[in-house]
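# Report on the structure
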Amino acid sequence: MERVRRASHAGSWYTDNPKKLEEELEGWLRESGLDKSPDVRGVIAPHAGYSYSGQAAAYAFANIDPTNISRIFLLGPSHHYYTPKCALSMATVYKTPIGDLPIDLEVNEDLKATGAFEMMGIRIDEAEHSMEMHLPYLAKVFEGHQVKVVPILVGALNAENEAMYGQLLAKYADDPNNFFSVSSDFCHWGSRFNYMHYDKKHRAIHKSIEALDRMGMDIIETGDADAFKQYLLEYDNTICGRHPISVFLHMLRNCSTKIKIKFLWYEQSSQCKSMRDSSVSYASAAAKVDS
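Residues numbered from 1 in each chain as written. Predicted model: local features only at pLDDT ≥ 70, side-chain atom pairs only at ≥ 80, totals over all residues. Heavy atoms only, no water.

Helices and strands together make up the secondary structure of the chain, namely 9 helices and 12 strands. Taking 19 Å as the expected radius of gyration for a compact globule of 291 residues, we find that the chain reaches 18 Å, a close match to that expectation. When each of the 291 residues of the chain is scored for burial, the buried share is 55%. Within the chain, residue pairs in contact and separated by at least 24 positions form 82% of the contacts whose partners lie at least 6 positions apart. Counting every atom, the chain has about 12,700 Å² of accessible surface; 48% of that belongs to carbon and sulfur. Averaged over its 31 positive side-chain charges, the chain has a centre that lies 3 Å from the centre of its 38 negative ones. (Helix = DSSP H or I, 4+ residues; strand = E, 2+ residues; numbered from the N terminus. Rg over C-alpha atoms; globule rule 2.2 N^0.38 Å. Buried < 20%, exposed > 50% of the residue type's maximum accessible area, 1.4 Å probe, protein only. Contact = heavy atoms within 4.5 Å. Areas by Shrake-Rupley, 256 points an atom, 1.4 Å probe, with all protein chains shown as cover. Lys, Arg positive; Asp, Glu negative; His and termini not counted. Charge placed at Lys NZ, Arg CZ, Asp CG, Glu CD.)

Here 3 strands make up an open sheet; going across it, the order is 1-5-6 and the pairing mixed. Of all strands in the sheet, those bounded by a partner on one side alone are strand 1 (4–5) and strand 6 (101–102). Note: strand 5 (residues 93–94) against strand 6, 2 bridges, orientation antiparallel. Its bridge partner being in strand 6, Tyr94 is matched across the sheet by Leu101. (Pairing = 2+ DSSP bridges.)

What follows is about helix 2 (residues 50–61). Counted at 1.5 Å a residue, the expected span for helix 2 with its 12 residues is 16 Å, but the 14 Å between its end C-alpha atoms falls short. The buried count for helix 2 comes to 9 of 12 residues, which makes it a mostly enclosed element. Buried residues along helix 2 sit against helix 1 (18–32), strand 2 (40–45), helix 5 (135–141), strand 9 (178–183), strand 11 (259–268) and strand 12 (279–289). (Expected span 1.5 Å × (residues − 1).)

Among the secondary structure elements, Asn178 is positioned in strand 9. Polar contacts involving the side chain of Asn178 include one to the side chain of Arg71, which spans 2.6 Å. Ignoring sequence-local partners within four residues, the contact set of Asn178 consists of Arg41, Arg71, Phe73 and Tyr172. (Polar contact = N/O pair within 3.5 Å; in protein donor to acceptor, adjacent residues only side chain to side chain.)

As a further point, take the layout of surface pockets. In this structure, the largest pocket encloses a volume near 280 Å³. Forming the boundary of the largest pocket are 14 residues, of which Pro77, Ser78, Cys240, Arg242 and His243 lie nearest the centre. If you add up the space inside the second largest pocket, you get close to 240 Å³. Taken together, 16 residues make up the lining of the second largest pocket; nearest its centre are Ala48, Arg192, Phe193, Val280 and Tyr282. Among the elements that line the lining of the second largest pocket, the one with the most residues is strand 12, at 3 residues. A class-by-class count of the residues in the lining of the second largest pocket yields 6 nonpolar, 8 polar and 2 charged. (1 Å grid on protein atoms, 1.4 Å probe; cavity = no way out; pocket = protein on both sides within 12 Å on 5 of 7 lines; lining within 4 Å. Points joined across faces, edges and corners; volume = space filled by probe spheres on them. Nonpolar A, V, L, I, M, F, W, Y, C, P; charged D, E, K, R; others polar.)

Before going further, it helps to examine the pattern of salt bridges. Scanning the model with the defined rule gives 17 salt bridges in all. A salt bridge links Glu109 to Lys112; the nearest nitrogen and oxygen atoms lie 3.5 Å apart. Here the residue Glu109 and the residue Lys112 both occupy positions in helix 3 (residues 105–113), the gap between them amounting to 3 residues, near one helical turn. A relative accessible area of 38% means that Lys112 is categorised as partly exposed. Across the pair Asp224 and Arg253 runs a salt bridge, and its minimum N-O distance is 3.6 Å. With Asp224 in the loop between helix 7 (205–222) and helix 8 (225–235) and Arg253 in helix 9 (residues 242–254), this residue pair connects regions lying 29 residues apart in the sequence. Given a relative accessible area of 31%, Asp224 falls into the partly exposed group. Within this structure, Glu22, Glu26, Lys140 and Glu143 form a network of salt bridges that share partners. (Salt bridge = Lys/Arg side-chain N within 4 Å of Asp/Glu carboxyl O.)

You can see Thr92 is positioned in the loop between strand 4 (86–89) and strand 5. Those residues in contact with Thr92, other than ones at most four positions away along the chain, are Met1, Glu2, Arg3, Pro102, Ile103 and Leu105.

The terminal C-alpha atoms of helix 1, which comprises 15 residues, lie 21 Å apart, in line with the 21 Å expected from a rise of 1.5 Å per residue. Where helix 1 is buried, its residues touch helix 2 and helix 5.

The subject of this paragraph is the packing of aromatic side chains. Tallied over the entire structure, the rule returns 13 aromatic pairs. Ring centres 6.0 Å apart and planes at 85° place the aromatic pair Trp28 and Tyr50 in the edge-to-face group. With a gap of 22 residues between them, Trp28 in helix 1 and Tyr50 in helix 2 connect regions that are remote in the sequence. In this structure, Trp28 and Tyr50 share a single accessibility class: buried. Ring centres of Phe61 and Tyr137 lie 4.9 Å apart, and the angle between their planes is 10°; on these two criteria the pair is classed as stacked. Placement of Phe61 in helix 2 and of Tyr137 in helix 5 is noted, with a sequence separation of 76 residues between them. Among the aromatic residues, ring-to-ring pairing joins Tyr14, Trp28, Tyr50, Phe61 and Tyr137 into one connected group. (Phe/Tyr/Trp six-rings, centres within 6.5 Å; stacked < 30°, edge-to-face > 60°.)

The structure is reproduced here in structure tokens:
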């Protein structure tokens, strides 16, 4: 029986006009000027509305060579629903305005059988935007290719569970037919986000935010999940996809293929100059086989 997850944020977070959406995505992918590489096995990309982070996300998705990939694991944080675990989708298909992505029910069952996951209902699934914002890009990049998705909603995991899920998913990273789309924005700065870390030595607030974000990005590039945890404990940077990123780092540490993450783009929604300002940072990375 078909259970559909609708493109619930189409028409608000991004256009629901298929022609316009295709044109936007094609334009951003082209403007990135990046070459596709079969060695790219994963991305970290933002999930804000496309008017904010659509262009930044292209610097992740433009790296993908769809030729050998038949399965995409989506790892996205949970913004509205609290769970200390990871959750699998009950849908059988994810809709986008430019093509549908079927769920890999077989892998879903395998993961369910581990007993480590809970199931999220369609309502929770449709309320969450973190994975949906990656779908149009994936539908575009994988156009004409048979591909299935495995959505994993990553809850508020403790360090032990981040490592546990990373170990559990590591075997999938060794299969070159698998791809990982990890969803995260970076610093949410300002009183409305309850986060106003400011290091005066950088003078401008936006420069301080960038230094803080880049410190985190550099640690992510080393692949050291424990150092990333330490960084988050020390600075509490409001990286909303901290748990999906941590699971991904543990996965890469536990798989036998050497895969390295490299950030290719960084920007801020606006430049904070006074304590009254606010901004969100967007960073895009590719995870590539290190030969």
